[in-house]
Structures are given as C-alpha cells and as structure tokens.
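Given next are the chains, with one letter for each unit.
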Amino acid sequence: MRCALKPSDPAGELPERTAQSLRALAGGPISRLPQLLEAMVAVGSDHDLRRALDRIAETAASLTGARHAVVGIHDEDGRPGDLITHGVSPEAGPATGAALEVPIQVQGELFGTLYLAGKGDGEEFGEGELHLVRVLATEAGIALSNARMHSAARQRRRWIDGAASVTTALLAGPETRSTATNALTVVAEQGRELAEAVTGAVLLPHDEGGMEVVAISTVLSEAVRTEAFRGRIPPESPVLHQLHAGLAVFSDDFAADPRSVSLLSRHYGPTMLLPLRSNGRVLGALALCRRSGDRRFSHPERTLATQFAAQAAVALVLVDRHRDRERLAVFEDRDRIARDLHDLVIQRLFATGMLLETARRKAVLPEVREGLGRAIDELDATIQEIRTAIIALQQGPPKAPPGLRTRVLRAAGAATAALGGRPSVQFVGPVDARVDDRSGRELVAALGQALAVVEASPSQPARVSVVVDATAALPDGRVGVRLTVSCPDGSHPPLTWERPLQGRSGS
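Residues numbered from 1 in each chain as written. Predicted model: local features only at pLDDT ≥ 70, side-chain atom pairs only at ≥ 80, totals over all residues. Heavy atoms only, no water.

Colleague: Help me understand the overall build of the protein chain, please; the structure alone is not making it clear to me.
Modeller: Scanning the protein chain from terminus to terminus reveals 13 helices and 15 strands. Per-residue burial over the protein chain gives 41% buried out of 507 residues. Taking the intrachain contacts of the protein chain between residues at least 6 apart in sequence as the baseline, contacts between residues at least 24 apart amount to 60%. Of the accessible surface of the protein chain, which amounts to about 26,400 Å², a share of 55% is contributed by carbon and sulfur atoms. (Helix = DSSP H or I, 4+ residues; strand = E, 2+ residues; numbered from the N terminus. Buried < 20%, exposed > 50% of the residue type's maximum accessible area, 1.4 Å probe, protein only. Contact = heavy atoms within 4.5 Å. Areas by Shrake-Rupley, 256 points an atom, 1.4 Å probe, with all protein chains shown as cover.)

Colleague: Hey, could you run me through the sheet that holds strand 13 (residues 465-473) in this one?
Modeller: The strands that make up a sheet are held in pairs by hydrogen bonds between backbone atoms, and each pair lies either parallel or antiparallel. Strand order in the open sheet formed by four strands is 12-13-14-15, with mixed pairing between adjacent strands. A single partner strand is all that each edge strand has here, and the edge strands are strand 12 (424-428) and strand 15 (495-500). Across this sheet, the average inter-strand angle for adjacent strands is 15°, counted without regard to direction. As paired strands, strand 13 and strand 14 (residues 479-486) are joined by seven bridges and run antiparallel to one another. What sits directly across from A472, in strand 14, is G480. Across the face of the sheet, helix 10 (residues 404-414) comes into contact with strand 12 and strand 13 while running at roughly 160° to strand 12. (Pairing = 2+ DSSP bridges. Axes fitted to C-alpha atoms, helices over the stretch in contact; angles between N-to-C directions.)

Colleague: I would appreciate a short explanation of the side chain of D436 in the present structure.
Modeller: By secondary structure assignment, the location of D436 is in the loop between helix 12 (431-434) and helix 13 (437-455). In this structure, D436 is buried with no salt-bridge partner, the nearest side chain bearing the opposite charge being R438 at 5.7 Å. Here the side chain of D436 touches R438 through a polar contact of 3.2 Å, landing on its backbone nitrogen. Reaching out from D436, the side chain makes a polar contact with the side chain of S439 at a distance of 2.8 Å. (Lys, Arg positive; Asp, Glu negative; His and termini not counted. Salt bridge = Lys/Arg side-chain N within 4 Å of Asp/Glu carboxyl O. Polar contact = N/O pair within 3.5 Å; in protein donor to acceptor, adjacent residues only side chain to side chain.)

Colleague: I would appreciate a short explanation of the pattern of salt bridges in the present structure.
Modeller: Oppositely charged side chains may form a pair once their charged atoms are brought near each other. This structure, assessed with the given rule, holds 15 salt bridges. Here R441 makes a salt bridge to E212, at a shortest N to O gap of 3.0 Å. Of this pair, R441 sits in helix 13 while E212 is found in strand 7 (residues 211-218), placing the two residues 229 residues apart along the sequence. A relative accessible area of 36% means that R441 is categorised as partly exposed. For the salt bridge of R302 with D252, the shortest nitrogen-to-oxygen distance reads 3.2 Å.

Colleague: Quick question: what am I supposed to make of the packing of helix 10 against helix 13 here?
Modeller: The geometry of a pair of packed helices is captured by two quantities: the angle between their axes and the separation between those axes. As a packed pair, helix 10 and helix 13 sit with axes 10 Å apart at the nearest point and diverge in direction by 15°. It follows from the interaxial angle that helix 10 and helix 13 lie roughly parallel. Along this stretch, helix 10 crosses helix 13, giving a crossing that reads as right-handed. When helix 10 is examined against helix 13, the residues L404, R407, V408, A411 and A412 are found in contact with a partner set consisting of G440, R441, L443, V444, L447 and L451. (Parallel < 35°, antiparallel > 145°, perpendicular 65-115°, else oblique. Left-handed = near helix turned anticlockwise from the far one by under 90°.)

Colleague: Sorry, what's going on with unusual backbone geometry here?
Modeller: Most peptide bonds take the trans form, and the phi angle of most residues other than glycine is negative. Positive phi values are uncommon outside glycine, yet E196 reaches one of about 55°. The topology assignment puts E196 in the loop between helix 5 (183-195) and strand 6 (199-205).

Colleague: It is not clear to me how a nonpolar patch on the surface should be interpreted in this structure. Could you clarify?
Modeller: A surface patch of nonpolar side chains, about 280 Å² in accessible area, is lined by V364, L365 and V368. Turning to its location among the elements, V368 is positioned in helix 9 (residues 366-394). (Patch = residues over 30% accessible without salt bridge, like charges linked within 9 Å, V, L, I, M, F, W, Y side chains within 5 Å.)

Colleague: Is there a simple way to think about the pairing of strand 2 (residues 66-74) in this case?
Modeller: Where a strand is regular, its side chains alternate between the two sheet faces. By the criterion of burial, strand 2 is predominantly enclosed, with seven of the nine residues buried. Here strand 2 pairs with strand 5 (residues 109-119) via seven bridges, running antiparallel. Paired with A66 across the two strands is K119, which belongs to strand 5. By the bridge criterion, five bridges tie strand 2 to strand 3 (residues 80-86) in an arrangement that is antiparallel. The residue bridging V71 from the neighbouring strand is I84, located in strand 3.

Colleague: Looking at this model, I keep getting lost on the nonpolar core. Mind explaining?
Modeller: For soluble globular proteins, nonpolar side chains are generally found buried alongside one another. In terms of nonpolar packing, the biggest core is built from 28 residues, with V202, L276 and L286 touching the most fellow members. Those elements giving two or more residues to this core turn out to be helix 4 (127-171), helix 5, strand 10 (271-278), strand 11 (281-289) and helix 8 (299-362). Residue contributions to this core peak at eight residues, all from helix 8. By size, the runner-up hydrophobic cluster in this structure holds 26 residues, among which are L63, L116, V133 and L136. (Core = buried A, V, L, I, M, F, W, Y, C linked by side-chain atoms within 4.5 Å.)

Colleague: In this structure, what is going on with the side chain of T218? I would like to understand it.
Modeller: Following the sequence through the fold, T218 ends up in strand 7. Residue T218 is classed as buried on the basis of its relative accessible area, which comes to 13%. In this structure the side chain of T218 is engaged in a polar contact, spanning 3.1 Å, whose partner is the backbone oxygen of V198.

Colleague: Would you mind showing me how to read the environment of V444 here?
Modeller: Position of V444 among the secondary structure elements: in helix 13. V444 sits 39 residues away from R405 along the chain, and the two C-alpha atoms are 9.8 Å apart. If we skip the residues at most four places from it in the chain, V444 touches L404 and R407.

As structure tokens, this is what we get:
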C-alpha cells in the first residue's frame, strides 16, 4: 500500500484534516501521541528553521518506523530547493523509493513535501502513520511559513533602509560626501549591496544611441571595470527596447540569454536590468548582476529591486532639482551684486568724477589740473571695468559642458580641505582637444579615486601633485593620456592611470 496526500487537496480542508488526524490517533497508536506532542512543542519553540525541520524528519522516521525521511523545501517561486534528510544522503534525497508522501502546505500555499521510505521487512505504512505524518507536515508548514514571513520582513526592511540611505546620500551637501563618489555611484553601490550582487552599474543614454555605463560598483577585477566603461548596449538590443518601454529585464543566465548582445554579459549569470523611470520618462537603467552559477533572483527580490530603482530615479530627479535651485540662488546673488554695483558703486564713482571735473576747471595751478585729470581718467577706467564685471555677472551658465581641464581642476579643488592644501595641477599637451569624452570621464573618476587613497593615507602629505599628460608614450608604443598623482615628499607612492588616445570627433 502506498499512501500519499497530494498538494491538490483544498486549502480549507487542511485544518480539519489535521484535527481528524489527531482524533484518529486517540483511537489508534495512542502510545506514540506523547512523542508527537513533544516534537510539536519543540518545533514550535525553536527559532532555528533548519534545526526544527531536522527534528520533524527525525520524529517522522521514529514514529512510523521508516529508515529514511526527507523534507523537500520549495523556494519562494515554487521550485524544488533544499533537502532536509534523515537516514539518507542529500544526494539520494526522495529518490529512494518513497512509500509515503505528504505535502507541506498552509492556507493553500505549498512549501514542500515530507517523504518517508524504507519501512522494515517490507511492511507498508498504515492509516495511523499517515495521520501522524500529516500532523508533522502541518507543523513543518507553520514553521516554514513563519520563517518565510520573518525573512521577507527583514528583506523589505533592508531595501527600504537602503533606498532611504540613497536619498539621504544624494541630497547631502558636497561637504559630507567623498570626492570619489557621485550620485550615480551611490545608486550603483547601494543597489549591489542590497541585491547581494557582484556588480551594480548605472547606464545612461549614449549620444550615438544605446546606453553606456557611467557609474559602476563591482567586486570583480579592474579589467572588467574598464571594459564596462568602454562597452555599451547597442540601440538594436532587445534588452534596450524593453528598458525604453519602462519594463524590467530579468535573466537567470545573462551570458547565455539570447536577448543580450553586449560583450559584458559573458561575465554574469542571474541579472536584473531595471529602468530608472520618473514621471513616465526613462532616465537610464540600473544593472544588478551575480556571477554565473550563483542563485537566481527570487520573485520578492525582483519586486524589491524594481521598487528601489523607482525610488532611486525619484532621488536622482530631486538631486537635479536641488542643484537647479542652488544654481538659481547663485544667479540671484549675482544679479543682486550686479544691481548694487550699478546702482550704488558706479553712481557714486560718477558723482565723484563730476566733483573732480568741477575742481579741475577751477584749479589755478597747472600741476593740480593735470593731477585731477589723471584721477578723472582713472575713475572712468574703473567705471568701465565695473561695467564689464556687471555684464559677466548677468550672463547665464555656458551651454557647452566644461572641458577636461576644468573638471580636473574642480576635482583637485574639491579635495583641498581633506588634503590640507590645494593639489598642484599640471597639463601637458592639448588635453581638451586630444582626450575623448569617455576617456575624460574615466580620467576624472580615476583622479577622484587616487585623491581618496591619498586622503586615507596614515601619513598626511605636505603637498600633492597632479599631472595630466596628453602626449604620453605608453608601454606598447602608442600615444596616450597619462594621469599621475604623486607626493613630492615621498610620503605616498605615485598613482598612475593611462589610456590610449581614441581621438575625438571634430578634433
């Protein structure tokens, strides 16, 4: 006789069937009831899920006389997962000719199956033993349900706290953030940690179509990081079409996924590509990737990561608006200064000039008239210089983005406070003309990282020197750009970054 209770039993019947099982025990194998109750109490009070399931498997085998007991657990997506075994190796599992199978379920949700096999002398399992196992399966379902709810609650809390920390970090002033980070790097790093991934990256639209990596956080090699910045998702990629439509892309094995046409995909297995979307507009994408062979992203993880990406997109929009307000405040101050210069300073200088002109006409001595004339000329020149300054103050921001020289000088200036002095910066060759945009972004990022390393050095350097050479000869003979960050006092070894020149359009 082979006994089995199939998962298709209606959910509402489970409590009643459990009660029936206990009533049946009272009229049958009553001698085993104390052992069953003792096991139920122990499992209900044990907060260690693995230990509780071990107890259930051991008790089921003991009560029924089975040599083998297996608790097969399903993952959150309903797929077969871990095996808790008693009297049999995990590799053999339920494939040992199980003669009794009871589903582990609570309120219609299937958590796994309890298998029993190997009863002595070929004896079959009876109805009384089926009732015993049903009770244990119910207790196992309750334990799994509670553990899963606690795990889901902890996981949600982690993601919520992570999203809050991203918003806080993005809206923090520059004086509270490391010079080696920016808003996009914060999103990539926090997303990678929350997803327990090896790589987190933010992608933004490329000028020539498709998307490119603009910020990355990874535990993989520097070569992978470099390759990420040089590669991009081409416009014809099916993945890109989904992202532009505001749809997330999930893959259990990105390297073998036919939708992926990027060379970067060969490094990764389970992957999530999540649109950074706000007010119906896709700003970019957040990629969260695990190694090939790592566990797949569960359904709750996908949901939480999608919500995190939406929150990060809102935070990025808030950052832009915050910066716009700061720029507006600066322009308002400049307008006020310009008005004060025009309405107060120039008018007073002009009135002073009129008084001097009157005095010059009334002067008797030639040398006095000559001196007053020179003073009037100086006042006129000063008024012209102030008017030039007023025009400059009233002009808006330049339309063209700042060049590489400007960005390097800004990065060096931002590190002044932490280093205790402004780094000296030297440029060799036509830096802005020869270094392409992508290499320029990588160079500025490398400069930020190098300055952060020097900042963290135990021995504070007296002076830091930064050299950007656009005429450098690389080891392979090609001409490239080289960044060198050094401390002339020898307190820290030189840090070097270099790339071959790719050329720029229009140069």
